[in-house]
Each structure stands twice: as C-alpha cells, then as structure tokens.
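Understanding the architecture of this molecule
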Amino acid sequence: MELSQLKYFYEAAKEEHVTKAADKLHLAQPALTKSIKALEDELGVKLFYKAGRGVKLTEYGEYLKKKLEPLLRELELLPQTVEKMTDAAKNTVTLNVLAASTLITDIIIKFKKKYPDAIFRMTRKEGGTDCDINVLTNTSVGTEFEAEEKAIIEEKIFIAVPKNSLLAQKDSVDLTELKYSDFITLSGKRRFRLLCDYFCEYAGFSPHVIFESDSLIAVKNLVRAGEGVAFWPHFSWGKVNGNMIKLLKIDNLDCHREIVVVQNSSRGGVSPMSKVFYGFLVRELSKKY
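Just so you know, the residues in each chain are numbered from 1, in the order the chain's sequence is written. For a predicted model such as this one, the threshold for reporting local features is a pLDDT of at least 70, and the threshold for listing and counting side-chain atom pairs is 80 or more; totals across whole chains, interfaces and linings nevertheless cover every residue. Each side-chain value is derived from all of the structure's non-hydrogen atoms; neither hydrogens nor water enter the calculation.

Re the packing of helix α1 (residues 3–15) against helix α3 (residues 29–43)
The geometry of α1 relative to α3 is characterised by a closest axis approach of 9 Å and an angle of 110° between their N-to-C directions. Classed by the angle they form, the pair α1 and α3 counts as roughly perpendicular. Each of Gln 5, Leu 6, Tyr 8, Phe 9 and Ala 12 in α1 lies in contact with α3, whose residues at this interface are Leu 32, Ser 35, Ile 36, Ala 38, Leu 39 and Glu 42. All axes here are fitted lines through C-alpha atoms, helices being fitted over the stretch that makes contact, and every angle between N-to-C directions spans 0 to 180 degrees. Labels follow the DSSP assignment, with helices taken as runs of H or I lasting at least four residues and strands as runs of E lasting at least two, numbered in each case from the N terminus. For this classification, under 35 degrees means roughly parallel, over 145 means roughly antiparallel, 65 to 115 means roughly perpendicular, and everything else is oblique. Contact criterion: two residues are considered in contact whenever any of their non-hydrogen atoms come within 4.5 Å of each other.

Put into structure tokens, the structure is as follows:
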C-alpha cells in the first residue's frame, strides 16, 4: 500500500467522480483507475460502486475515507511543523546559570525586548555540557568545557550594612572589624557562601552567622531591617534600593570573584540565537563592571 494510492483514493472519494479527481490530481484517468483497483485488490474489498456518471463509496470506502482524513491533514501540515521546529531550534538558548542568577534574568528580559523570538531553556546544575551557555564563577568546580568563546568579568564584593548602624558612617571597613558582627548569609551549600567564609577565615576569624537562607531576598531584607551585615556582590545582587542599606568597600583584602561565561562547543555546536545572546550577555556584564 503506497501513500500515493491513498491520496488518489481520498481525492476520488471526495469528488465522487474519477475524471474530476484525476483532473485535480493532474493525473490521467486510466492511471487513477488503475491505482484505485490496485488498492482494492490489496485490501480485498470494493471501495467504490458506480452511480450514474460518478461513483459512490461502499461501506469499506466510507471507513477508509474517515480514517484517512486526519492522517492526510497531518501530512499536509508536516512541512509547516518541521519548519516551526527548525525555527525553534535556531532561536532556542539553553542556559546553565550557577552564578548571578538575578542579574542574568534581568539581562534575558532586556534581550527578549530586542529579540522576541528567542526561547530560553534555563537550568542550574553542575556540569552543563548539554547547554549552549554556562554562567559560573571561578569558585565553581566540575566539568571542563570545550569553550568556543569564554569571557571573565571580575566582580567586586562589598559589605552591606544597615544604613542606621554605626558602620554606615564609614565608606570602607577592615574585614577584621567585623569579627564580632552578626552575619546574614546564603546557606552553606551555596558557592558564594563558601567564598565569603574563606574571606573571613583569611582575615583571621569565623563569621558569626545568625541567619542563613537559600533566598537572596531574605538576606537583603534582614540587612535592611538592621539585623546584621552581609557580603554583597557588586552587580549580581542588583542596586541598593532606598536608603536602608549602605555598601562599604573592604580595605584589607581584595574581595572579588570572577563571573565566567562560557559558550560551550562540546555539545556539537550552538544555536544561532545562542551566539547572539552570548555577545549580548558579555557586553551587559562588562557594562556592570
């Protein structure tokens, strides 16, 4: 049973006239008649019977026509479906974000205004070799990427203090001055927390943590409420809104981290939109610095 036979049968079934169907199919009538006869022989049933100058469907013909309608409709739409899938693949950006997630989200929103057809698939996992772009830090450990492109942006880290505290009278602080301060931090499993603990350890003390959370918003709000101090990445955590928080430079230690953006070529090539977004992302991060 060939697809062409089914298409020819369906056209004849719609027209209920072999000659008209042949004309629509740009096919000689004998060829159409032969195709229908071959289909009937293969199925072992009659599909048409003569009715005047035209033809009518037998019960078997009616059944076959009914079954073919959705299938042939899907076949007609198949080229459009494949085209849409191809367009989606070209416009999809797979993104693994292990650092600066709040900032990256803001950049994506800005990018979407310029490229509304862009489709983002975001994840947060170690490795990320199946993603077009990975955003991580120099403290991230794991897969070595085969980088088609790689950019490193240095980000200063400040101390955030409540605006109504004595520390807020300063513009900078020696980290050792915070030995007895109450720290509000991200949870211990977060890489930024590990980096901050290292800074304190290098300065000669362990931070007195009164609250830790996986929520960046919770950390910010508690500092605003005057409950303690926190390490604050310069641009990843966004601007200090309002007058409740002040950022202090750290005098005695070069506290920074490196935001690493990798366009991954180990997965066999990235989408065209991913290449556009990579350049956009690096430029936006560089502006922040």
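Some details on the environment of Val 55
Here Val 55 shows up in strand β2 (residues 54–57). Relative accessible area serves as the criterion here: at 12%, Val 55 is assigned to the buried category. C-alpha separation for the pair Val 55 and Glu 74, spaced 19 residues apart in sequence, amounts to 27 Å. Those residues within four positions of Val 55 in sequence are excluded, and the remaining contacts are Glu 16, His 17, Val 18, Phe 48, Tyr 49 and Lys 50. The buried label goes to any residue with under 20% of its type's maximum accessible area, the exposed label to any with over 50%, and the partly exposed label to all in between, with areas taken from a 1.4 Å probe on protein chains only.

Brief notes about the packing of aromatic side chains
Aromatic contacts are taken between Phe, Tyr and Trp rings whose centres are within 6.5 Å, Trp giving its six-membered ring; a plane angle under 30 degrees counts as stacked, one over 60 as edge-to-face, and the others as tilted. According to the stated counting rule, one finds 12 aromatic pairs in the structure shown. Ring centres 5.0 Å apart and planes at 80° place the aromatic pair Phe 111 and Phe 277 in the edge-to-face group. You can see Phe 111 sitting in helix α5 (residues 101–114) and its partner Phe 277 sitting in helix α8 (residues 272–288), a full 166 residues away along the chain. Comparing Phe 111 with Phe 277, the two get one shared label, buried. Cluster of aromatic residues (ring-pair linked, three or more members): Phe 111, Tyr 115, Phe 120, Phe 277 and Phe 280.

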